[in-house]
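Chain by chain, the residues run as shown.
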Amino acid sequence: MKIAGARVLVTGGGSGIGRFLVERLAAESAEVGVLELNEERCAELNEASGGRIRAWSCDVTDAAAVDAALESLFATGFEPDVLINNAGIIHSEPLVNMLSRGERVHSRESWRRVISTDLDSVFFVTSRVVDRMLAKRKKGVVISISSISANGNPGQSAYAAAKAGVNALTCTWAKELGGMGLRFVAIAPGFIDTPSTREALSEAALARLQQHIPLRRLGDLESIYLAARHAIENDYLTGTVLEVDGGLVI
Ligand code: NAP
């Protein structure tokens, strides 16, 4: 599929990786729709884009809100050719915190919040968008931003489980819907230089981490865009997880 002229829907397009993808895709003449939690960021995107980007405020963990936002998006004539499931939260917490004097066990509330944001949302949005793609006989592409944590990462039970779920859905849907011409690709970034990464890790931890990355540096946002572009343009790619991690998982 060509990017120019494609209609691309991005969840969590208000900041970080999502925001970069939205701006790069719009610059390549895609028409971009955004589902984003933060209303101010939606207004900012709508004002700055001269009509090429249309942002809807929506909590993607809320199935009814997703359905309503997608209905109003479809009603404007925006029929997605590509969906990028990007909205997500990164969360680290040990299964049992041996040093805690209070509750030692991983909070159930944070487990639910992470699974809901990083996995439920992918199911809610993709199921509705794929139904629409099928109704419109589109040979669409669904890209989901996963993480190398899906391979198992100490201190990230909920996040790793959610992203492993995203990879499993990508393979399942590729097998289930490939016959209809739909493609599903996951992108698993390693550590990308975003505000969320810098908030999560101290300077010292970042320096230590970079010694373990074969390319000895964090990834840049362009590397994720290039993977997304490959997923959109290469029509023989489906059911795969593209690891963009400077070699960290090898
Ligand atoms: P980010 O800067 O925090 O961006 C996440 C975006 O998702 C924000 O715009 C956020 O909106 C939105 N969002 C969060 N919860 C939402 C909800 N319930 N409904 C709608 N939108 C919601 O994080 P990022 O680093 O760019 O991460 C983007 C994706 O890449 C995530 O799936 C993350 O797991 C994955 N990833 C990132 C890295 C990395 O190194 N950064 C590595 C591996 C994977 P608000 O700001 O309004 O909350």
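Quick notes on the rules
Residues numbered from 1 in each chain as written. Predicted model: local features only at pLDDT ≥ 70, side-chain atom pairs only at ≥ 80, totals over all residues. Heavy atoms only, no water. Near = heavy atom within 4 Å. Polar contact = N/O pair within 3.5 Å; in protein donor to acceptor, adjacent residues only side chain to side chain. Areas by Shrake-Rupley, 256 points an atom, 1.4 Å probe, with all protein chains shown as cover. 1 Å grid on protein atoms, 1.4 Å probe; cavity = no way out; pocket = protein on both sides within 12 Å on 5 of 7 lines; lining within 4 Å. Sits in = over half its atoms within 2 Å of the grid points. Helix = DSSP H or I, 4+ residues; strand = E, 2+ residues; numbered from the N terminus. Nonpolar A, V, L, I, M, F, W, Y, C, P; charged D, E, K, R; others polar. Patch = residues over 30% accessible without salt bridge, like charges linked within 9 Å, V, L, I, M, F, W, Y side chains within 5 Å. Salt bridge = Lys/Arg side-chain N within 4 Å of Asp/Glu carboxyl O. Contact = heavy atoms within 4.5 Å. Buried < 20%, exposed > 50% of the residue type's maximum accessible area, 1.4 Å probe, protein only. Axes fitted to C-alpha atoms, helices over the stretch in contact; angles between N-to-C directions. Parallel < 35°, antiparallel > 145°, perpendicular 65-115°, else oblique. Left-handed = near helix turned anticlockwise from the far one by under 90°. Pairing = 2+ DSSP bridges.

Engineer: Even after reading the chapter, I still don't get the site of the ligand, so can you show me in this structure?
Structural biologist: Near the ligand you find 30 residues, and of these I17, E36, R41, Y159 and S196 are the closest. Residue S15 places a side-chain N or O atom 3.1 Å away from an oxygen atom belonging to the ligand. Calculation on the ligand without its partners gives an accessible area of 880 Å², and the protein chains cover 88% of this total. More than half of the atoms belonging to the ligand lie within 2 Å of the grid points that define the largest pocket. Listing elements by their share of the shell around the ligand, those giving two or more residues are helix 1 (16-27), helix 5 (157-177) and helix 6 (195-200). Among the residues making up the shell around the ligand, the classes are represented as eleven nonpolar, 15 polar and four charged.

Engineer: Could you clarify how one ought to interpret a nonpolar patch on the surface in this entry?
Structural biologist: A cluster of nonpolar side chains, contributed by L95, V96, M98 and V105, occupies part of the molecular surface with about 390 Å² of accessible area. Assignment of secondary structure puts V105 in the loop between strand 4 (82-85) and helix 4 (108-135).

Engineer: Explain the environment of A174 here, please?
Structural biologist: Here A174 shows up in helix 5. Ignoring anything within four residues of it in the chain, the contact list for A174 reads F184, T238 and G239.

Engineer: What should I look at first to understand unusual backbone geometry in this one?
Structural biologist: Leaving glycine out, the prevailing phi sign among residues is negative, and the prevailing peptide bond configuration is trans. Phi is positive for R137, close to 55°, though the residue is something other than glycine. Given the relative accessible area of 74%, R137 is considered exposed. Positive phi values are uncommon outside glycine, yet R216 reaches one of about 60°. By the element assignment, R216 lies in the loop between helix 7 (203-212) and helix 8 (221-233).

Engineer: Mind showing me how you'd approach the packing of helix 4 against helix 5 here?
Structural biologist: The contact between helix 4 and helix 5 brings their axes to 8 Å, and the two run at 15°. It follows that helix 4 is roughly parallel to helix 5 by the angle criterion. The handedness of the crossing between helix 4 and helix 5 is right-handed. Facing helix 4, whose interface residues are W111, V114, I115, D118, L119, V122, F123, T126, V130 and L134, helix 5 presents S157, A158, Y159, A161, A162, K163, G165, V166, L169, W173 and L177. A class-by-class count of the residues in the contact of helix 4 with helix 5 yields 16 nonpolar, three polar and two charged.

Engineer: Honestly, the sheet that holds strand 2 (residues 31-36) in this entry has me stumped. Any pointers?
Structural biologist: Taking strand neighbours across the sheet as the criterion, the seven strands line up as 3-2-1-4-5-6-7 in an open arrangement whose pairing is parallel. A strand with exactly one partner marks an edge of an open sheet, and here the two such strands are strand 3 (53-57) and strand 7 (240-244). In this sheet, adjacent strand axes meet at a mean angle of 20° when their direction is disregarded. Sheet topology places strand 5 (residues 141-145) next to strand 6 (residues 183-189); five bridges connect them, and they run parallel.

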